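For reference, the chains in residue letters:
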Amino acid sequence: MSDDPESPLPAPHARLSRPQIMGIVNVTPDSFSDGGRYLHADAAIAHGAELSAAGAQIIDVGGESTRPGAVRVPAAEEQRRVLPVVAGLAERGIAVSIDTMNASTALAAAEAGAAIINDVSGGLADGGMARVAAETGLHFVANHWRDGGANSGVDAHYANVLADVRRELEERVADLLDAGVSAERIILDPGIGFAKTADQNWELLSHLPSLNAIGYPVLIGASRKRFLGTFVDPLAPTADRDAPTATISVLAAQSGVWGLRVHNVAVTSSALDVWEAMQP
Ligand code: PMM
């Protein structure tokens, strides 16, 4: 992004007036919010282009649901789903991130034009991931995660969730740097909803400056997640969680985060317009 003159994205470490919006395109039958809607490449590309036009600087393409208990998808099937979408969006000049835990998918997506690897396991699920990040030179989002790769249950036991997540993210950074990933390429994400209770999510969201203080750009992915269900009719469609999501987005912007991973880009973008208008 930064040092690549062809990249449509500013550097993660550049001083931005507002956070980057990462629009979500799940090419999956079973994601909790948009599963099944964009299984066909044409529909997924059209949706990504729409999100880009609505104000997303990055489109995050995923082919494997990461909701708790989801069944792992073979890498070949994941690639069949995502690669045409990554290529189709990249051809349109859109910055794409590939949401994958598989090094082979990250590599294939890089060849198809992806600019960012977004690994919800932060490199833990696939021992080859850090090397792919280093060799491709793509930006790498390391998300906080604890599932051990088996989706065998959620380990939400923390002595102090903020201190533990900080330390575990720092361990991810150390591994990535060891593998040769450049520090300028690393983006951290506290992994809202990944091995965390609602209270633990709130504890992290209420301490974003402490996560920024690790020294890397911070991405937040709270969009439509289950812990927001308490603010709306619990039986309502997940899109009803867009107002609570936008509120978090504005407060996260106020806390200086680098990016926001969201389903509803138009609402996020107008919420950030209002936030910007209110800056002194
Ligand atoms: N959440 C999901 C998937 N990918 N990536 C990052 N970096 N951060 C997240 O919080 C995150 C993610 C799960 O949500 P989805 O099913 O709506 O994609």
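To be clear, the structure that these remarks concern was listed above.
Residues numbered from 1 in each chain as written. Predicted model: local features only at pLDDT ≥ 70, side-chain atom pairs only at ≥ 80, totals over all residues. Heavy atoms only, no water.

Things to note about the site of the ligand
Part 1 of the argument: Near the ligand there are 15 residues, and of these Asp99, Asn118, Asp189, Lys225 and Arg261 occur at the shortest range.
Part 2 of the argument: Asn26 is positioned with one of its side-chain polar atoms (N or O) 3.1 Å from an oxygen atom of the ligand.
Part 3 of the argument: In the environment of the ligand, an oxygen atom lies 2.7 Å from a nitrogen or oxygen atom belonging to the side chain of Arg261.
Part 4 of the argument: Here the ligand has 410 Å² of accessible area as a free molecule, and 97% of this is covered by the chains.
Part 5 of the argument: Split by residue class, the shell around the ligand holds 5 nonpolar, 6 polar and 4 charged. (Near = heavy atom within 4 Å. Polar contact = N/O pair within 3.5 Å; in protein donor to acceptor, adjacent residues only side chain to side chain. Areas by Shrake-Rupley, 256 points an atom, 1.4 Å probe, with all protein chains shown as cover. Nonpolar A, V, L, I, M, F, W, Y, C, P; charged D, E, K, R; others polar.)

Points about the packing of aromatic side chains
Describing an aromatic ring pair means giving the distance of the ring centres and the angle of the ring planes.
Part 1 of the argument: Summed over the entire model, instances satisfying the criterion amount to 2 aromatic pairs.
Part 2 of the argument: One aromatic cluster is present, formed by Trp202, Phe227 and Phe231 through successive ring pairs. (Phe/Tyr/Trp six-rings, centres within 6.5 Å; stacked < 30°, edge-to-face > 60°.)

A short note on the nonpolar core
Part 1 of the argument: One finds Ile59, Val61, Leu89, Ile117, Leu188 and Ile220 to be the most contacted residues of the largest nonpolar core, which totals 63 residues.
Part 2 of the argument: Take this core: its biggest share by element is 6 residues, from helix α5 (residues 161–178).
Part 3 of the argument: Residues contacting Leu188, with those up to four places away along its chain left out, are Ala142, Leu169, Val173, Ile214, Tyr216, Pro217, Val218 and Leu219.
Part 4 of the argument: Membership of the second largest hydrophobic core comes to 8 residues, among which are Ala115, Ile116, Val141 and Leu219. (Core = buried A, V, L, I, M, F, W, Y, C linked by side-chain atoms within 4.5 Å. Buried < 20%, exposed > 50% of the residue type's maximum accessible area, 1.4 Å probe, protein only. Helix = DSSP H or I, 4+ residues; strand = E, 2+ residues; numbered from the N terminus. Contact = heavy atoms within 4.5 Å.)

Overview of the pairing of strand β2 (residues 58–62)
Part 1 of the argument: For β2, the buried fraction is high: 5 of the 5 residues fall into the buried class.
Part 2 of the argument: Every second residue of β2 is oriented toward a common face, with Ile58, Asp60 and Gly62 on one face and Ile59 and Val61 on the other, all of them buried.
Part 3 of the argument: Bridge count between strand β1 (residues 20–26) and β2: 5 bridges; the pairing is parallel. Bridged to Val25 within β2 is Val61.
Part 4 of the argument: The sheet contact formed by β2 and strand β3 (residues 95–99) spans 5 bridges and is parallel. For Ile58, the partnering residue across the bridge sits in β3 and is Ala95. (Pairing = 2+ DSSP bridges.)

With respect to the packing of helix α8 (residues 242–254) against helix α9 (residues 265–277)
Part 1 of the argument: In the contact formed by α8 and α9, the axes pass within 9 Å of each other and the chain directions differ by 45°. Taken together, the axis directions place α8 and α9 in an arrangement best described as oblique. The two elements α8 and α9 meet at a crossing, and its hand is right-handed. In contact with Asp242, Ala246, Ser249, Val250, Ala253 and Gln254 of α8, α9 contributes Val267, Thr268, Ala271, Leu272 and Trp275.
Part 2 of the argument: Split by residue class, the contact of α8 with α9 holds 7 nonpolar, 3 polar and 1 charged. (Axes fitted to C-alpha atoms, helices over the stretch in contact; angles between N-to-C directions. Parallel < 35°, antiparallel > 145°, perpendicular 65-115°, else oblique. Left-handed = near helix turned anticlockwise from the far one by under 90°.)

By themselves, these are just geometric observations and shouldn't be taken as functional.
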